[in-house]
Amino acid sequence: MLLARKHIIILLQLLISLSIVGLNLPKDYQQLIQNIYVGNIGVNTANISSQAVEGENGMLYVNIEFDLNETIKQDDWQVNITPAFSGSFHWTPHLTPKEGNIIDQHVFRAPSIIASNSKKGFIIIPDIDKIKDDTGYRWYMDLDVPNNKLTLGLSKTKVSDHVLFERTDGCVFPKGTIEFGFYIIKLTSKNDLANPFRKPLDFFWRKWGHDLFVNGHPITGNLKPYVEHTYNWAFNTWKKSVWQEFEIDGKKLGAPVFIVNTTQSPNYPGEVNEREFRSIWNQAWFNSLRSASGLYRFARREANDELLNKALLTKELALSYPQKNGFFYSVIATEMEQVGHGSKVLNRSKGWDTYYWGNSNRNPYTWDPRHAPFHVLDMSWTALLMLRWYDELEKDERLLKYVQNYADALLQKQYSNGFFPGWIDVQTLEPMTYLNKSPETSMSVTFLLKLFDITKDKKYKTAALKAMKAVMHEIIPSGRWEDFETYWSCCRVGTPDWVGHKVVRNNMYKQCNFSMFWTAEALLASYQTTKVKKYLETGKRVLDELLMTQATWQPSYMYVNVLGGFGVMNTDGEWNDSRQSLFAELILQYSKLLKSNEYRERGIAALRASFSMMYCPENPKAKEQWEKAWPFFGPADYGFTMENYGHDGRSSKEGIGIGEFTIYDWGNGAAAEAYNRIIDKFGEEYIYQ
């Protein structure tokens, strides 16, 4: 009897799957997909149909509906898709390292699952038009490579670790119609398989992104008022907390502080509690020289001597960071102390008289910036910014000399395989353990090619192209986008066990899009230097992989405008991350070179998204969320900009997803710099047409 029941269940499952595979899927799709199994809700079977998508070559749409006569409690519902081949390449927007992990709709920026090998492949895209807010369930995806299974589903979910998602119990399907659907895109041509990201990106932007963009998303109008809010906030209403000015060896120096939080608002009713040690950074994220270059451009355009002087003080600070045989520090900080206030203990600075030099504490070795090693990535980025200042703003020969000292030291550390080390021990000046074969090397490529462009010294070009070749051969094909942020920032899941290893269940590395940006930028620089088309072709492919982390629609469950904004990595929850201000110009550079209107719109959307989180009257939607989270905010806080939204994997109408700090060099100051740089290089007509 039990055996007969088992056979009946198998037969029912087969009939359900055959209703799609046997009756509706064209033969060319049956070469890609062996089986699609659609589960029941309760005892209710789905009404299933499929059809070719009009105007889309090689795309099929599968529609699934349930007509429920009553509310049904069921923890999970799934569509399971079995490829008809063994895949060697896979991609999803989020990792699901264990059974029970899922890709929650919270990270559906351009949601896709890709499975392919050297001959064929396909992409699954959930129909985001059907995702509704305030239901008894959430949409999700999953990828189980060892069992050759792709999954779409509905369930309750929760956040675990920082940030993974899990299915949970308690899903409720209400009486009435439940709608679900997904697209299947074929990958059969050589070009499609070489760059599997282009088709979904093109589809997402044409179907959702373009219309939103031309209708004013993420924000519309002139961006200059946002820049003015930024500088008024930093150098006027919040000046007491933000602007730092001091002397070292009789030289006046200055820069905005690394980070401030809501307790430092002029409107805050309580006592100040500094979030981190008071400091100024010249690091891959938070770089005061980058922000100062934007301030310089603005001050020059507006003939504002006061702001120009502040930019120059920050340049002087950058030149003051001590060099050790060419390598140099990236952080200046003050000593801190704990101050009792009633039942609270408050974090306070002892002042700039207690300053010390150090390096970023986002590293594998120590949380203490005093003892942190030199980070090659940080030094190469700051050196590149110095060269851009020298080339585009003012011919300060000190900048070039400082940079050449570093470059000559860096060349001595290049490995025979082409890569540069991750970190250099401050005492021994020898390479350390982690990321000695990583895409962080790409930053040094761009830096060295810029130095070659200025000096015409071929040793810099030779070293750069050798490093570029290493990244092209060892990193790009396998998607090994590992950098310091991937493992040693707020997201520590997999640290250090996953370093250098794929997550088996997903056949993917833990990835950060910062690495993709540096590499796409380095490939563009390599093409511009050599005119070798392979660099441009590969750069476009890497740029497209980067763009898979860009928001291409406006979910109803995101309570700020998100089109054009970027996420961070495949184990994190951010939307509208501040990196989009850094990415915008690169996307626009590719758009001009390749004459791509999609890239142009994406680049401008990224720039606009850089301001969409700002607390100010021009952003009424975001302003409402800020005031729900921090009711004391007012006009003196206009310009306050959190670095991202939904960082912890959740958002709500009540202000969940809104943060509590601003990093000038990775927030409003960075966005202002991007605007000023892009206006100078592309002209206002290009971004407002």
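Summarised in this report is the structure supplied together with it. Everything numeric here is computed off the predicted structure, so don't read it as measured data. Sequence positions are assigned chain by chain, starting from 1 and proceeding in written order. Per-residue local features of the predicted model are confined to residues with pLDDT of at least 70, and side-chain atom pairs are confined, for both listing and counting, to 80 or more; whole-chain, interface and lining totals are unaffected and use all residues. The side-chain figures draw on all heavy atoms in the structure; neither hydrogens nor water molecules are used.

## Overview of the overall build of the chain
Keep this limit in mind: Working definition: helices are DSSP H or I runs of at least four residues, strands are E runs of at least two. Numbering for both runs from the N terminus. We take the radius of gyration over the C-alpha atoms and set the globule estimate at 2.2 Å times the residue count to the 0.38 power. Note on classification: 1.4 Å probe, protein chains only; a residue is buried when its accessible area is under 20% of the maximum for its type, exposed when over 50%, partly exposed between these limits. Whether two residues touch is decided by their heavy atoms; if any such pair falls within 4.5 Å, the residues are in contact. Reported accessibility uses the Shrake-Rupley method at a 1.4 Å probe radius. Residues are deemed covered only where the shown protein chains occlude them. Working convention for charge: Lys and Arg count positive, Asp and Glu count negative, and His plus the chain ends are omitted. Just so you know, the charge point we use is NZ for Lys, CZ for Arg, CG for Asp and CD for Glu.
A count of helices and strands for the chain gives 20 helices and 27 strands. At 26 Å, the chain has a C-alpha radius of gyration in line with the 26 Å of a compact globule built from 689 residues. Per-residue burial for the chain yields a buried fraction of 64% across its 689 residues. The contacts in the chain between residues at least 6 apart in sequence include a share of 72% that link residues at least 24 apart. Accessible area for the chain stands at about 25600 Å²; split by element, carbon and sulfur atoms hold 48% of it. Seen as two clouds, the 77 positive and the 78 negative side-chain charges of the chain have centres 5 Å apart.

## A few points about the packing of helix α16 (residues 579-594) against helix α17 (residues 597-609)
Operational definition: A fitted line through C-alpha atoms serves as each axis, taken over the contacting stretch for helices, and the angle formed by two N-to-C directions is quoted from 0 to 180°. Roughly parallel covers angles under 35 degrees, roughly antiparallel covers those over 145, roughly perpendicular covers 65 to 115, and oblique covers all other angles. Take the far helix as your reference; a near helix turned counterclockwise from it by less than a right angle gives a left-handed crossing, and one turned clockwise gives a right-handed crossing. Following the grouping adopted for this structure description, the nonpolar residues are Ala, Val, Leu, Ile, Met, Phe, Trp, Tyr, Cys and Pro, the charged ones are Asp, Glu, Lys and Arg, and the polar ones are all others, Gly among them.
α17 packs onto α16 with a crossing angle of 165 degrees between their chain directions and a minimal axis gap of 8 Å. Taken as axis vectors, α16 and α17 run roughly antiparallel relative to one another. Of the two possible hands of crossing, α16 and α17 adopt the one that is left-handed. Along its contact with α16, which presents Gln 580, Ala 584, Ile 587, Leu 588, Tyr 590, Ser 591 and Leu 594, the element α17 presents Tyr 599, Arg 600, Arg 602, Gly 603, Ile 604, Ala 606, Leu 607 and Ala 609. For the contact of α16 with α17, the per-class residue count stands at 10 nonpolar, 3 polar and 2 charged.

## Focus: the sheet that holds strand β24 (residues 356-358)
For clarity, the cut-off: At least two bridges found by DSSP between two strands are what make those strands a pair.
The strand order β18-β21-β24 describes an open sheet built from 3 strands, whose pairing is antiparallel. Each edge of the open sheet carries a strand with a single partner, namely β18 (279-281) and β24. In this sheet, neighbouring strand axes are inclined to one another by 20 degrees on average, regardless of whether the strands run parallel or antiparallel. Sheet topology note: the strand β21 (residues 331-333)/β24 ladder contains 3 bridges and is antiparallel. When the bridges of β24 are listed, Val 331 appears paired with Gly 358.

## Remarks on helix α4 (residues 198-214)
Stated formally: The bend at a residue is defined as the angle formed between two axes, one fitted to the seven residues ending at that residue and one fitted to the seven starting there.
Approximately 50 degrees is the largest bend angle found in α4, and it occurs at Trp 205. When α4 is considered as a whole, its buried residues turn out to be Arg 198, Pro 200, Leu 201, Phe 203, Phe 204, Trp 205, Trp 208, Gly 209 and Phe 213. Buried residues along α4 sit in contact with β3 (59-68), β9 (121-126), β14 (176-187), α15 (533-547) and α17. Remark: Gly 216 follows α4 within two positions and exhibits a positive phi of approximately 100 degrees.

## Comments concerning the pattern of salt bridges
Note the following rule: Salt bridges, as used here, are contacts in which a Lys or Arg side-chain nitrogen is within 4 Å of a carboxyl oxygen on Asp or Glu.
Under the counting rule described, the total for this entry stands at 51 salt bridges. When the shortest N-O distance is used, the salt bridge between Arg 198 and Asp 544 registers 2.9 Å. With Arg 198 in helix α4 and Asp 544 in helix α15, this residue pair connects regions lying 346 residues apart in the sequence. A salt bridge links Arg 370 to Asp 368; its shortest N-O distance comes to 3.2 Å. Here Arg 370 falls in the partly exposed class, since its relative accessible area comes to 38%.

## A closer look at the side chain of Asp 127
Threshold: N or O atoms closer than or at 3.5 Å make up a polar contact, with two conditions inside protein: a donor-capable atom paired with an acceptor-capable one, and, for residues adjacent in sequence, both atoms drawn from side chains.
As for its position among the elements, Asp 127 is in the loop between β9 and β10 (138-144). One buried charged residue, Asp 127, forms no salt bridge at all, with the nearest opposite charge on Lys 130 at 4.4 Å. In this structure the side chain of Asp 127 is engaged in a polar contact, spanning 2.6 Å, whose partner is the side chain of Tyr 61. The contact partners of Asp 127, leaving out residues within four places of it in the chain, are Tyr 61, Trp 139, Gly 181, Phe 182, Tyr 183 and Trp 208.

## Let's talk about the state of the cysteines
This is how it is decided: To count as a disulfide, a pair of cysteine sulfur atoms needs to be within 2.5 Å.
One pass over the structure, following the stated rule, counts 0 disulfides. Free of any disulfide, Cys 490 has its nearest cysteine sulfur in Cys 491, 6.4 Å distant. Note on Cys 490: relative accessible area 37%, which makes it partly exposed.

## Section: the nonpolar core
Test applied: Here, nonpolar core refers to any group of buried Ala, Val, Leu, Ile, Met, Phe, Trp, Tyr and Cys residues whose side-chain atoms link them within 4.5 Å.
Formed by 241 residues in total, the largest nonpolar core has its most connected members in Phe 182, Ile 184, Phe 447 and Phe 514. When residues of this core are assigned to their parent elements, the largest contribution, 11 residues, is made by helix α9 (residues 376-392). Dropping the residues within four chain positions of it, Phe 514 is found in contact with Ala 284, Trp 285, Asp 483, Phe 484, Glu 485, Arg 579, Leu 582, Phe 583 and Trp 666.

## What to know about the pairing of strand β5 (residues 76-83)
Direction of pairing for strand β1 (residues 33-38) relative to β5: antiparallel, over a ladder of 5 bridges. If you follow Ile 36 over to β5, its bridge partner there is Ile 81. The sheet contact formed by β5 and strand β11 (residues 149-160) spans 6 bridges and is antiparallel. Across the sheet, Val 79 pairs through a bridge with Leu 152, a residue of β11.

## Observations regarding the sheet that holds strand β2 (residues 47-52)
Pairing is antiparallel across the open sheet formed by 6 strands, whose spatial order is β2-β3-β14-β9-β8-β6. Strands with a single pairing partner mark the edges of an open sheet, and in this sheet they are β2 and β6 (89-91). Pairs of neighbouring strands in the sheet enclose a mean axial angle of 15 degrees, with direction left out of account. Relative to β3, β2 runs antiparallel, the two being bridged by 6 bridges. Bridge pairing in β3 links Gln 51 to Tyr 61. Sitting on the sheet, α4 is in contact with β3, β9 and β14, with an inclination near 135 degrees to β14.

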